[in-house]
Each structure stands twice: as C-alpha cells, then as structure tokens.
Amino acid sequence: MSLTPAIDIRVWGARGTFPMVGAEALEFGGHTSCVEVRTGAGVMIFDAGSGIIPLGKSLLEEGVTHIDLFFSHVHYDHIIGLPYFLPAFWNKAKLRIWAGHMLDGSTPEQLVDGIFRPPYFPITKDYMRADVEYHKFSPGDVLQPSPDVALVTGALNHPNGAVGYRVERQGAVFSYLTDFEHDGGQGDAEVLRLAHDADLALLDTTYTPEEYPRYVKFGHSTWDHVGKMCAEAGVHRWGMYHHMHMRDDIDQRAIEEAARKVYPNSFAVRQGQHFHLYPRAR
C-alpha cells in the first residue's frame, strides 16, 4: 500500500440547519456543512457552511492559491460562511465555484450574487479580490477539477434540488451525499450509484427513525434508511452527517451507538475528523 493518500478528507462542519454553539456541542462540533478534500495538489471544498470560515483561515495561512468550491445546494446552512471565506478576498487566490442543482436554471454567479446582496449583506460579490470563475454543470455530469480526479455528480431528492458528489482518484472513492430524502425511487438509485463501493461516504442522517414521520418531505433521511442503502451499495465505511441543529452531544452519541449495533461500519461524523483514503485496485 502506498504511504501517500489518494484522497485526503477533513471535516470542518457536520451540522445542518444552523450552527450550534456551547458546551453541548463540543464532541461533534457546531459548524454547518463544509468538507475539505485534497487530491495531490488539488484542494476541493464541498459546501460553504459556517465551517468554511476556519477552513479559509487555515488555507490562507498555508498560502493555498487554487481552490474549487462545490455547492451541494444553496440553502442557508450550506452557504452561510462564504462571505467570511478569507481566500475569496485574497488577490493571489484562484477560486472556482461550481453548482448544478438549480431547478430554475440559475447560474453559479447568480447564486453568489444572491449571497452577497444588500441589504441582507453589506457588500456585493465584486469585493472579492480572488480570481473567481463560475462553472455550471448538470447533475449526472462527470467533472474533472484536476487531471487525475473524476468527480461524478448526481441529482438528490431535496426541496429546490441538490447534488451529490463522488470523488474518484487512483482507485479510491469518497462520496459526499448530504441533504437528500430516501424515496424508494430515482433519488435512492442516485445515492446507490454515487456511493457504490466507496471507501468512505458521508450521508445525510438528520433524523432518527422515530422522528422521521414528523418530517416527511423535509428533504432529509435517517440512519436506518441510509444504513440499508450503504449495505446495498457496498460502502466500506460511512458517516452519519448533517446532524440536527439542536441535537446535543449526548443524544448524538446515543444515536451513533444505536446505529453501530446494526451497522458496525458506521459512525457519527465529528467536526475536525481527518480521513486518508489510499490507492487501490478495482
């Protein structure tokens, strides 16, 4: 086995809906969705929740100049950190922003315009000093953010649309599948396709099986439904992601324990976790 990871993953935010601050969120973290993925020299970021704020500080201190940011969608919890992402305001940085989920055909540039729109935010996107490019794609496209990386995309079942991502490099596979609701149909089929034989997958498990009946059509799933799909897809290890915003560490730990009794290859994602995926033959 190579000592050099094919894909390096760091979680900067694992919560959904709204950040949670306080002693009750120390173990799993309070920042909303943001995951950093490194593939050789490339830096990819999935979602710009509040977790992108400390990530941006870290990247700036490291002097990273080339960044790809991929939106799963643009509900507030997934974009709240973008106006405070320091590399976007550094004139030496090159930032490519990708989106492909909008059902009305909106472009990534239009979406970012909406994030930086007075009077809801005091400045416009034109204050960004980075070299910003906008890339629109269609769910199902295979993107190539760097020469040796394939980024497979697919439509997820979520209000207003959402996109799931599958990162492939040197035989290693990481799947980022947040904000979807199991539907027994095409939505599930896309989750299965994007998660197939993944070394690691992070998936939406906002609700417990007991809570879910109160939240049907809200666009989120449960650890039990996700566990069944991961078993069918042959996922090697999977993380429960997009924790309910008011769920404290004690309750989240209890959910993790219940899930692991049924699915030993599962875990509840913690802010700050770091994963290394190594090359493998397929």
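Residue numbering note: each chain is counted from 1, following its sequence as written. Local features are withheld for residues below a pLDDT of 70 in this predicted model, meaning they are given only at 70 or higher, and side-chain atom pairs are given and counted only at 80 or more; totals for whole chains, interfaces and linings count all residues. Side-chain metrics rest on all non-hydrogen atoms present in the structure, leaving aside hydrogens and water.

Trainee: Help me understand the overall build of the protein in this model?
Mentor: When you go through the protein residue by residue, the secondary structure sums to 5 helices and 14 strands. Here the globule rule reads 2.2 Å times residues to the power 0.38, and the radius of gyration is calculated from C-alpha atoms. Compactness check: the protein gives a C-alpha radius of gyration of 18 Å against a globular reference of 19 Å for 282 residues, within 12% of the reference. Oriented by its inertia axes, the alpha-carbon framework of the protein measures out at about 50 × 45 × 40 Å. Each residue is placed in one exposure class: buried if its accessible area under a 1.4 Å probe, protein chains only, is under 20% of its type's maximum, exposed if it is over 50%, and partly exposed if it falls in between. Relative to its 282 residues, the protein shows a buried fraction of 54%. Between the mean site of the 25 positive side-chain charges and the mean site of the 35 negative ones, the protein shows a separation of 3 Å. For the purposes of this entry, the term helix denotes a DSSP run of H or I that reaches at least four residues, the term strand denotes a run of E that reaches at least two, and both are numbered from the N terminus. A positive count includes Lys and Arg, and a negative count includes Asp and Glu. His and the chain ends are not counted in either. Here the site of a charge means NZ on Lys, CZ on Arg, CG on Asp, or CD on Glu.

Trainee: Can you help me understand the sheet that holds strand 6 (residues 131-136) in this one?
Mentor: Consider a sheet: its strands pair through backbone hydrogen bonds, and that pairing is either parallel or antiparallel. A pair of strands counts as paired when DSSP detects no fewer than two bridges linking them. If you trace the 7 strands from one edge of the open sheet to the other, you get 6-5-4-3-2-1-14, paired in mixed fashion. Each edge of the open sheet carries a strand with a single partner, namely strand 6 and strand 14 (274-277). Averaged over neighbouring strand pairs, the angle between their axes works out to 20° when direction is ignored. Alignment of strand 5 (residues 94-99) against strand 6, held across 6 bridges, turns out to be parallel. The residue bridging I97 from the neighbouring strand is Y134, located in strand 6. Residues are treated as being in contact if the distance between any of their heavy atoms lies within 4.5 Å. To obtain each axis, a line is fitted to C-alpha atoms, and for helices this fit is confined to the stretch in contact; angles are then taken between N-to-C directions over 0 to 180 degrees. Relative to the sheet, helix 2 (residues 108-115) contacts strand 5 and strand 6, its axis offset from that of strand 6 by approximately 120°.

Trainee: What is the right way to look at the environment of F70 in this model?
Mentor: When you line up the elements, F70 lands in strand 4 (residues 66-70). Each C-alpha atom of the pair F70 and Y165 lies 9.0 Å from the other, and the pair is 95 residues apart in sequence. Leaving out residues up to four positions away in the same chain, F70 has contacts with M44, I45, F46, D47, W98, L143, P145, L151 and Y165.

Trainee: Just checking my understanding: could you explain the pattern of salt bridges for this structure?
Mentor: Note on pairing: side chains with opposite charge can pair once their charged atoms come close. The term salt bridge refers to a pairing of a side-chain nitrogen on Lys or Arg with a carboxyl oxygen on Asp or Glu at a separation within 4 Å. In the structure shown here, the tally under the stated rule is 21 salt bridges. Between R38 and E36 there is a salt bridge whose closest N-O contact spans 2.6 Å. On the accessibility criterion, E36 (5% relative accessible area) is buried. Of the charged contacts, one joins K94 and D131 as a salt bridge, the two residues approaching to 3.3 Å between their closest N and O atoms. Of this pair, K94 sits in strand 5 while D131 is found in strand 6, placing the two residues 37 residues apart along the sequence. Judged by its relative accessible area of 23%, K94 falls in the partly exposed class. Overall, D131 belongs to the partly exposed group, its relative accessible area being 42%. Among the charged side chains, a network of salt bridges with common partners joins E27, R253, E256 and R270.

Trainee: Just checking my understanding: could you explain the sheet that holds strand 12 (residues 238-241) for this structure?
Mentor: Judged by pairing direction, the sheet is mixed, and its 7 strands sit side by side in the order 7-8-9-10-11-12-13 without closing on themselves. Of all strands in the sheet, those with a lone pairing partner are strand 7 (142-143) and strand 13 (266-268), marking the two edges. When strand 10 (residues 172-177) meets strand 11 (residues 200-204), the two strands line up parallel, connected through 4 bridges. Opposite Y176, over in strand 11, you have L202 as the bridge partner.

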